[in-house]
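Next come the chains, spelled out residue by residue.
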Amino acid sequence: MDIDGYLAAGDPMTALATSHGLAVADAAVRLAEVERFHEEKEHLAGKLTVRWGDPYHVGLETVRLRTAAEEIPEPWAELSLLVGDVYLWRAPEHGRWVALGVADLDPYDEIRLLLVVTDTDPP
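Residues numbered from 1 in each chain as written. Predicted model: local features only at pLDDT ≥ 70, side-chain atom pairs only at ≥ 80, totals over all residues. Heavy atoms only, no water.

(A) Molecular detail of the pattern of salt bridges. Taken as a whole and judged by the stated rule, the model has 8 salt bridges. Asp-109 serves as the salt-bridge partner of Arg-112, at 3.3 Å between the closest nitrogen and oxygen. What makes Arg-112 buried here is its relative accessible area of 19%. Here the salt bridges share partners, and the residues they tie into one network are Glu-33, Arg-36 and Glu-40. (Salt bridge = Lys/Arg side-chain N within 4 Å of Asp/Glu carboxyl O. Buried < 20%, exposed > 50% of the residue type's maximum accessible area, 1.4 Å probe, protein only.)

Next up, the structure:
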């Protein structure tokens, strides 16, 4: 995967992979796919770690809770509603944050492997 194309792109949140039909799937089928998406995340995280070093592992539950009482900057507010945790790197050659996570919190939505690239510091 050529990550540099995403680093330069204007869209801060990109679905690298999306399930199909799992929004209405049996819970066991969905769970198996969630696990597969997390394996894909780990595989890609390994490649990004080679490039940028060990990532921060950031849980987004507190960010999600804070959105009810305070203004959380985007894309972090939206990401916290979709993803439980992310791997986070600072891409020094671009001066941007790169986050990788699996959007699996909403059982009525498709599962997505998300890549977020932003200039906005995490909250």
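(B) Quick peek at the packing of aromatic side chains. The final tally for this structure, using the stated rule, is 3 aromatic pairs. Where Tyr-87 meets Trp-89, the ring centres are 6.2 Å apart and the plane angle is 55 degrees; that geometry is what we call tilted. Residue classification places Tyr-87 among the buried positions, given a relative accessible area of 14%. An aromatic cluster of three or more residues is present, and its members are Trp-52, Tyr-87 and Trp-89. Taking the ring centre of Tyr-87 as reference, the NZ or CZ of Lys-41 above it sits at 4.8 Å. (Phe/Tyr/Trp six-rings, centres within 6.5 Å; stacked < 30°, edge-to-face > 60°. Lys NZ or Arg CZ within 6 Å of the ring centre and 35° of its normal.)

(C) The arrangement of the side chain of Lys-41 in detail. Inspection of the secondary structure puts Lys-41 in helix H2 (residues 27-52). We classify Lys-41 as buried; its relative accessible area is 3%. One polar contact links Lys-41 to Asp-85, side chain to side chain, over a distance of 3.3 Å. Beyond its immediate stretch of four places on either side in the chain, Lys-41 contacts Asp-85, Tyr-87, Leu-100, Gly-101, Val-102 and Leu-113. (Helix = DSSP H or I, 4+ residues; strand = E, 2+ residues; numbered from the N terminus. Polar contact = N/O pair within 3.5 Å; in protein donor to acceptor, adjacent residues only side chain to side chain. Contact = heavy atoms within 4.5 Å.)

(D) Looking closely at the pairing of strand E4 (residues 96-103). When you tally the buried positions in E4, you get 8 out of 8 residues, the bulk of the element. Burial of E4 is two-sided: the residues Arg-96, Val-98, Leu-100 and Val-102 facing one way and the residues Trp-97, Ala-99, Gly-101 and Ala-103 facing the other way are all buried. The turn linking strand E3 (residues 85-91) back onto E4 is made up of 4 residues, and Gly-95 within it adopts a positive phi angle of 65 degrees. (Pairing = 2+ DSSP bridges.)

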